[in-house]
Protein chains: 2
Amino acid sequence: MRIATLSIGDELLFGEVTDTNASWLAGRLYGAGVPVRRHLTVGDDEDEIAAALESLAAEHDAVVVTGGLGPTDDDVTARGAAQATGRRLVLNEEALARLREFFDRRGREMHPANERQCLLPAKAGIIPNAAGTASGFHLVHGGALLVFLPGVPAEMTRMFADSVLPLILSRRTERRSVRTLVLSIFGLSEAEIGARLTGIDRSRPGLTVAYCVNYPLVEVKLRGEGEGAPVVDELLAAAAPLVRERLAGFIVAEGDETIDTAVARLFREKGMTLALAESCTGGLIAKRITDLAGSSAYFLLGAVTYANGAKTRLLDVSDDLLAEKGAVSAEVARAMARGVRDLAGSDVALAVTGIAGPDGGAPDKPVGTVFLALADRAGCTVKQYRFSGDREKIRTITAVTAMDWLRRWLLSC
Amino acid sequence: MRIATLSIGDELLFGEVTDTNASWLAGRLYGAGVPVRRHLTVGDDEDEIAAALESLAAEHDAVVVTGGLGPTDDDVTARGAAQATGRRLVLNEEALARLREFFDRRGREMHPANERQCLLPAKAGIIPNAAGTASGFHLVHGGALLVFLPGVPAEMTRMFADSVLPLILSRRTERRSVRTLVLSIFGLSEAEIGARLTGIDRSRPGLTVAYCVNYPLVEVKLRGEGEGAPVVDELLAAAAPLVRERLAGFIVAEGDETIDTAVARLFREKGMTLALAESCTGGLIAKRITDLAGSSAYFLLGAVTYANGAKTRLLDVSDDLLAEKGAVSAEVARAMARGVRDLAGSDVALAVTGIAGPDGGAPDKPVGTVFLALADRAGCTVKQYRFSGDREKIRTITAVTAMDWLRRWLLSC
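Residues numbered from 1 in each chain as written. Chains lettered and ligands numbered in written order. Predicted model: local features only at pLDDT ≥ 70, side-chain atom pairs only at ≥ 80, totals over all residues. Heavy atoms only, no water.

As recorded in an unreviewed UniProt entry, chain A goes by CinA-like protein and comes from Geobacter pickeringii. Regarding chain A, the relevant UniProt record gives this comment under Sequence similarities (unreviewed entry): "Belongs to the CinA family." (UniProt positions renumbered as here; feature names shortened; annotations may be inferred.)

Here it is, written out as structure tokens:
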């Protein structure tokens, strides 16, 4: 089944927003076994939209269109659809009824402009929108199913899952299945991983290995393709153990997990508590920990001791030590980790001190010099790093390195 | 001048990565006065690429292509280009020389597979790549300029700015200019803003007003279009003061500034220092402050007092107060703000305590209940909010509300 996606909107062509709808749809369609073959973006122009629909409908079995269903003058998708399919624009009674009910339910007045959203190509089927004013619609033209959804991501994703994907799958004739297993790798370069996985897909038709850098992690994607899900499952089940073996020790997360959710899960499973002392990462690690609901079960305290005085006042790091060794040193990292662990009374504490840049580097301690210290019941260990990149990259790789250390510590509990 | 962009890559069609190249290019081309008319995405398939190039070249004056120039088997863009333009694939001597120099300069060996990246359509011009192994290339086919760049964003953006944009602009015949002025608005809904700006573009041909939600901010974009830059500048210079007047008090940033960079600038200008005490935002505000280089000039300390015990141990919030009023209360927010200000010795301190969800809500304090407190030399003020949305939305709007309070406080200094 050949599927295309079409995104409509001037804001996309002017680079004001990134097209997240296209990649979301692509991921869902791929996951359902009907990958996208081509994607097109055009502006809020009736003729452009009509031309795009005509050419895509001619070469695909289904086209999923997003955008341009709003109540303002620049929303012309329905007109473009009517033009492309040679239909008249009519006031769709079902869309109008749903629109009225949408406003009634919220105790609000419908604005006259909203009625415009019910002018749709004749005989189009309606796709209900529980979260917004624009009904989606669908029609068949030249053998191709054309589906039209709002561009608002929250509305579109819900309508796609509830109504559109079933509609598309009901028209599928072939039984091809695809599935991807993703492993997040930290500590090996793309080239090193590629070298370790050489030949994995040899004599395994239907299996491909792809790599995607998600700095500072590399995502290894095992893609299986075949006639039906059992074939694909077997393909991946045979290859996956080999991959895990060849990358053992560097796999930080698999499947739906990320390194952050893996750390959260391990904290809960082991029943341990955490405190953080951050200098150059400035709250980034605490933010990543607390991004996840339920973190209050294990995260007690974070000290963002950005100024030297803060390290002294909060964590009892001695002024003399700071003066003698400097804020960015193994000794201060150790003092910070011990200090925050005592302060919080946590099982484990992690401290970070370093130079994120672009300023602050020196010949003996250039930008990217980072000390991490981990304190637990057994004592305190310090590790030193020399990271490269800009400020954002250095903060990010420091945070991930810290997360990975916590992950390994938890696994060893 | 009609421009199209073409992104090549299976990872895009499978939804594994979002196409940031397309929106970056779109923004740059729009900003240079040559907006993109159409964007297409195809997979790593030689025939698909060839077909896409043929159809885009037929209808546009320039096509900017990204992706598929790497050294592995799935990189087939050069082949697709050769097929589309009816040229032979030849070993490009300039590309080879640059590749050898790239490895020499880094003291590394060239892998035989890299030579594949120098097989380009005959008589293509080279676009140098200082940051990677793939040379870009360009050629003219049927009157259209076709430009090929790597998909790696850091490499592509540099090559585009250095070589490609000048090449495109040198072929431009018309003198149309466009420019957009962006104002970030906080505290008004899109509908309220639209109502205040009604009629702004009336009797101003060439001026349009567009709105983009960047939660929880709304970006108002004044777009001016006309024959040459002076005309456009005048259009915007006439309209902008009217817009600023109608949205006075709600404009948090303009042009290249964001609310975060505006706050950073004001801290530096006023010479003030800051301390933060965060509970439900869990380090997010500290992270946003320290994202910006130079924040150590004004940011002293952040206390992420996630557990109640942390509020007591770090900020001297009394156990009795916590027991009596609860962690999420005006009294505790006040105690946290005062406590962290005393601890850090800062000019101003901001504290946050609230319920980010999805758990933790109660009938009298539902999810989204947030108290912000600001302590300075004059005293301490507390504000209460009832935010809605999921955990991420609640944390985000809390952080922006806090940033805006700091902004207003700084302006009043």
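Help me out: how do you make sense of the domain arrangement of chain A in this one?
How large an interface is tends to be reported as the accessible area lost when its parts come together. Residues and elements named next belong to chain A. Domain parsing of chain A yields domain 1 (3-170), domain 2 (176-254) and domain 3 (262-412). Computed over C-alpha atoms, the centres of domain 1 and domain 2 are 35 Å apart. Listed by partner, the interface residues are four residues for domain 1 and five residues for domain 2. Carbon and sulfur atoms supply 53% of the area buried between domain 1 and domain 2, which totals about 370 Å² over both sides. Ranking the residues of domain 1 by area buried against domain 2 places Y30, G33 and P35 at the top, with a combined share of 95%. (Domains from an automatic or database assignment. Contact = heavy atoms within 4.5 Å. Buried area = accessible area lost by both parts, 1.4 Å probe.)

How should I be thinking about the relation of the copies chain B and chain A in this particular structure?
Both copies of the chain are related by a screw-like operation: a rotation about an axis and a shift along it. Once chain B is rotated about the relating axis by 180° and shifted along it by 0.2 Å, it coincides with chain A to within an RMSD of 0.2 Å. Within this description, the copies of the chain are treated as partners about a two-fold rotation axis. When the interface residues of chain B are mapped onto chain A, 98% of them are again interface residues, pointing to one common binding face. (Least-squares fit on C-alpha atoms with pLDDT ≥ 70 in both.)

Would you mind going over the sheet that holds strand 3 (residues 62-66) of chain B with me for this structure?
Sheet strands pair by backbone hydrogen bonding; their relative direction is either parallel or antiparallel. On the basis of which strands lie adjacent, the open sheet formed by twelve strands has the order 6(A)-7(A)-8(A)-3(A)-1(A)-2(A)-2(B)-1(B)-3(B)-8(B)-7(B)-6(B) and mixed pairing. Edge strands, defined here as strands with exactly one partner in the open sheet, are strand 6 (125-127) of chain A together with strand 6 (125-127) of chain B. On average, each strand axis in the sheet is inclined to that of its neighbour by 20°, with strand direction left out of account. Here strand 7 (residues 136-141) of chain A runs beside strand 8 (residues 144-149) of chain A; their pairing, made up of five bridges, is antiparallel. Bridged to A:H141 within strand 8 of chain A is A:A144. Strands in contact with helix 2 (residues 20-31) of chain B are strand 1 (3-8), strand 2 (36-42) and strand 3 of chain B; relative to strand 1 of chain B, the strand with the most contacts, it is inclined by about 160°. Packed on one face of the sheet, helix 4 (residues 77-85) of chain B meets strand 1, strand 3, strand 7 (136-141) and strand 8 (144-149) of chain B and runs near 10° to strand 7 of chain B. (Pairing = 2+ DSSP bridges. Helix = DSSP H or I, 4+ residues; strand = E, 2+ residues; numbered from the N terminus. Axes fitted to C-alpha atoms, helices over the stretch in contact; angles between N-to-C directions.)

Even after reading the chapter, I still don't get the packing of aromatic side chains, so can you show me in this structure?
When we look at a pair of aromatic rings, we describe it by the centre distance and by the angle of the planes. The final tally for this structure, using the stated rule, is 14 aromatic pairs over all chains. Between A:F102 and A:F103, the aromatic rings sit 5.5 Å apart at their centres with planes inclined by 85°, giving edge-to-face as the arrangement. No difference in accessibility class separates A:F102 from A:F103, as the two residues are buried. Of note, A:K383 hangs over the ring of A:W405, and the distance from its end group to the ring centre comes to 4.4 Å. Over the ring of B:Y215 we find B:K393, and its NZ or CZ is 4.7 Å from the ring centre. (Phe/Tyr/Trp six-rings, centres within 6.5 Å; stacked < 30°, edge-to-face > 60°. Buried < 20%, exposed > 50% of the residue type's maximum accessible area, 1.4 Å probe, protein only. Lys NZ or Arg CZ within 6 Å of the ring centre and 35° of its normal.)

Can you help me understand the pairing of strand 16 (residues 369-376) of chain B in this one?
When a strand is regular, its side chains alternate between the sheet's two faces. Residue and element names in this part refer to chain B. Among the eight residues that make up strand 16, eight are buried, leaving the element largely enclosed by the rest of the structure. Where strand 15 (residues 348-354) meets strand 16, six bridges bridge the pair, whose relative direction is antiparallel. Bridged to A349 within strand 16 is A375. Pairing between strand 16 and strand 17 (residues 379-386): eight bridges, direction antiparallel. Along strand 17, the bridge assignment pairs D376 with G379. Hairpin connection between strand 16 and strand 17: a loop of two residues separates the two successive antiparallel strands.

It is not clear to me how the nonpolar core should be interpreted in this structure. Could you clarify?
Note that soluble globular proteins tend to have their nonpolar side chains buried in a common cluster. Core analysis: the largest hydrophobic core is formed by 75 residues, its most contacted members being A:F299, A:L350, B:F299 and B:L350. If we skip the residues at most four places from it in the chain, A:L350 touches A:A275, A:L276, A:A277, A:L372, A:A373, A:L374, A:A402, A:W405 and A:L406. Within the second largest apolar cluster, 66 residues are counted, among which are A:L120, B:A4, B:L99 and B:A124. (Core = buried A, V, L, I, M, F, W, Y, C linked by side-chain atoms within 4.5 Å.)

Looking at this structure, how should I read the interface of chain B and chain A?
With 60 residues of chain B in contact, the opposing surface of chain A contributes 60 residues. Across the interface of chain B and chain A, roughly 4,700 Å² is buried in total on both sides, 56% from carbon and sulfur atoms. A per-residue breakdown of the area chain B buries against chain A is headed by B:F14, B:R38 and B:Y306, which together make up 13% of the total. Along the contact surface separating chain B from chain A lie eight salt bridges. Across the pair B:E16 and A:R223 runs a salt bridge, and its minimum N-O distance is 2.6 Å. Sort the elements by how many residues they give to the side of chain B that touches chain A and strand 2 of chain B lands first, with seven residues. Residues belonging to the side of chain B that touches chain A are distributed by class as follows: 29 nonpolar, 17 polar and 14 charged. Bridge analysis of strand 2 (residues 36-42) of chain A against strand 2 of chain B gives five bridges, and the strand direction is antiparallel. Pairing of A:V42 across the sheet is with B:R38, part of strand 2 of chain B. (Salt bridge = Lys/Arg side-chain N within 4 Å of Asp/Glu carboxyl O. Nonpolar A, V, L, I, M, F, W, Y, C, P; charged D, E, K, R; others polar.)

I tried to follow the UniProt feature "domain: MoaB/Mog" (unreviewed entry) in chain A on my own but got confused; where do I start?
As recorded in UniProt, the feature "domain: MoaB/Mog" (unreviewed entry) lies at residues 4-171 of chain A. As a span, residues 4-171 of chain A carries 43% helix and 23% strand, and end to end its C-alpha atoms are 15 Å apart.

When you look at the sheet that holds strand 9 (residues 176-185) of chain B in this model, what are you seeing that I'm missing?
Residues and elements named next belong to chain B. Taken in spatial order, the four strands line up as 10-11-9-12 in an open sheet, and their pairing is antiparallel. The open sheet terminates on both sides in strands that have one partner only, identified here as strand 10 (207-214) and strand 12 (251-254). On average, each strand axis in the sheet is tilted by 25° relative to the strand beside it, whichever way the strands run. Bridge count between strand 9 and strand 11 (residues 217-227): ten bridges; the pairing is antiparallel. The partner of I185 across the bridge, within strand 11, is V218.

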